[in-house]
Amino acid sequence: MPTSSASTTDSAKSSSGGVQSLERAFDLLERMADAGGEVGLSELSASSGLPLPTIHRLMRTLVACGYVRQQSNRRYALGPRLIRLGESSARLLGTWARPYLARLVEETGETANMALLDGDEIVYVAQVPSKHSMRMFTEVGRRVLPHSTGVGKALLAAFPDAEVRALLARTGMPAATDRTITTPEGFLAALEEVRTAGYAVDDNEQEIGVRCLAVPVPDSPTAAAISISGPAGRVTESATGKIVPVLQQVAAELSEVLSNPAGTTV
């Protein structure tokens, strides 16, 4: 039986061998996330290059599945069913990261963490504690503002200054300690240091007596960073030169795992 031209287009194989309509649907979801979670069809058409009828058809399907919802102003927003997927994915991400964090603990002696940028906040998704009796502990799932953390600096260093300023305006910059950076200018200067050095430092800024060193995970599907944290008496300036190369090597290896698509032989 002949297939309509519309369904032929939607089920056509992409150049990568996948299903084109699926690739397009996920691309639209990512564009919506990049735009803040809510967009109009014309905006999606302009950014994706897809014709409006194609976008409308894909969005109708996503709405029916609960992954997108149509607002009263006729714009489209990311739907609540994505929350469950995101939470499950974050748990798995933490599971995949644990062996690499364990290596960090073995080689540095300090507690190792992995964190993501979720909206305007940092969320910790995995941790392997140090074997020292005096060690740092951050509860997995804990959310903090990025301006007072090493992982926050490592992640935001990849963003344009204008976007960083907008984020800081939304969150504010409350002081966690008397060492916390509390001005946009000071924070932007710190980010420039991160870009130059290749790593970020939290020097008693989240908690007095604690130093943290962090690096981003390059090419991660979602903005991620790994870090070590420990007492300031152990994570000294001299120790930094030994710890940072280990952090960068582990981040590069973790990047390969996260950026390698699973199930490509299916």
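What comes next is a walk through the structure. (Residues numbered from 1 in each chain as written. Predicted model: local features only at pLDDT ≥ 70, side-chain atom pairs only at ≥ 80, totals over all residues. Heavy atoms only, no water.)

Attention now goes to the overall build of the protein chain. Of regular secondary structure, the protein chain possesses nine helices and nine strands. Across the 266 residues of the protein chain, 41% fall into the buried class. For the protein chain, long-range pairs separated by at least 24 residues make up 55% of all intrachain contacts whose partners lie at least 6 apart in sequence. Summed over its atoms, the accessible surface of the protein chain is roughly 14,200 Å², and 54% of this surface lies on carbon and sulfur atoms. (Helix = DSSP H or I, 4+ residues; strand = E, 2+ residues; numbered from the N terminus. Buried < 20%, exposed > 50% of the residue type's maximum accessible area, 1.4 Å probe, protein only. Contact = heavy atoms within 4.5 Å. Areas by Shrake-Rupley, 256 points an atom, 1.4 Å probe, with all protein chains shown as cover.)

Ordered in space as β1-β3-β2, the three strands form an open sheet in which the pairing is antiparallel. The open sheet has two edge strands, β1 (38–39) and β2 (68–70), and neither has a second partner. Here β2 runs beside strand β3 (residues 76–78); their pairing, made up of three bridges, is antiparallel. Its bridge partner lying in β3, R69 is registered against A77. Sitting on the sheet, helix α4 (residues 52–65) is in contact with β2 and β3, with an inclination near 105 degrees to β2. (Pairing = 2+ DSSP bridges. Axes fitted to C-alpha atoms, helices over the stretch in contact; angles between N-to-C directions.)

The strands making up a sheet associate through hydrogen bonds between their backbones, and the pairing can be parallel or antiparallel. In spatial order, the strands read β6-β5-β4-β9-β8-β7; together these six strands make up an open sheet with antiparallel pairing. Two strands bound the open sheet, and with one partner strand each, they are β6 (143–144) and β7 (200–203). On the sheet, helix α9 (residues 237–259) packs against β4 (111–118), β8 (210–216) and β9 (224–231) and is oriented at approximately 40 degrees with respect to β8.

With that out of the way, let us pick up the packing of helix α2 (residues 20–34) against α4. It is at 10 Å that the axes of α2 and α4 come closest, and there the two elements cross at 80 degrees. Viewed along their axes, α2 and α4 adopt a mutual orientation that is roughly perpendicular. From α2, S21, R24, A25, L28, L29 and M32 reach across to α4, where they touch T54, I55, L58, M59 and L62. Among the residues forming the contact of α2 with α4, the class breakdown is eight nonpolar, two polar and one charged. (Parallel < 35°, antiparallel > 145°, perpendicular 65-115°, else oblique. Nonpolar A, V, L, I, M, F, W, Y, C, P; charged D, E, K, R; others polar.)

Looking now at the pairing of β8. Taken residue by residue, a regular strand's side chains alternate between the two faces of the sheet. The element β8 is extensively covered by neighbouring structure, given that six of its seven residues are classed as buried. Pairing between β7 and β8: four bridges, direction antiparallel. Across the sheet, the residue bridging to V201 is L213, located in β8. Count of turn residues in the β7/β8 antiparallel hairpin: six residues, of which N204 carries a positive phi of about 65 degrees. When β8 meets β9, the two strands line up antiparallel, connected through seven bridges. Each residue of the ladder has a partner; that of V210, found in β9, is P231.

This next bit is on unusual backbone geometry. With a phi close to 65 degrees, N204 is a non-glycine residue in the positive phi region. Its place among the elements puts N204 in the loop between β7 and β8. Take N204: its relative accessible area is 10%, and that puts it in the buried class.

Take the environment of L62 next. Here L62 lies in helix α4. Spatially, the C-alpha atoms of L62 and F26 are 9.7 Å apart, while their sequence positions differ by 36 residues. Excluding its chain neighbours within four sequence positions, the residues that come into contact with L62 are A25, L29, Y67 and V68.

A word on the packing of α2 against helix α3 (residues 41–48). In a packed pair of helices, the relevant descriptors are the angle between the two axes and the axis-to-axis distance. Packing of α2 against α3 brings their axes to within 11 Å, and their N-to-C directions diverge by 110 degrees. With respect to their mutual orientation, α2 and α3 come out roughly perpendicular. Mapping the contact onto sequence places D27, L28, R31 and M32 in α2 and L44, S47 and S48 in α3.

The subject of this paragraph is a nonpolar patch on the surface. Taken together, V19, L22 and F26 make up a surface patch of nonpolar side chains, about 290 Å² in accessible area. With respect to the element layout, L22 can be found in helix α2. Residue classification places L22 among the partly exposed positions, given a relative accessible area of 48%. (Patch = residues over 30% accessible without salt bridge, like charges linked within 9 Å, V, L, I, M, F, W, Y side chains within 5 Å. Salt bridge = Lys/Arg side-chain N within 4 Å of Asp/Glu carboxyl O.)

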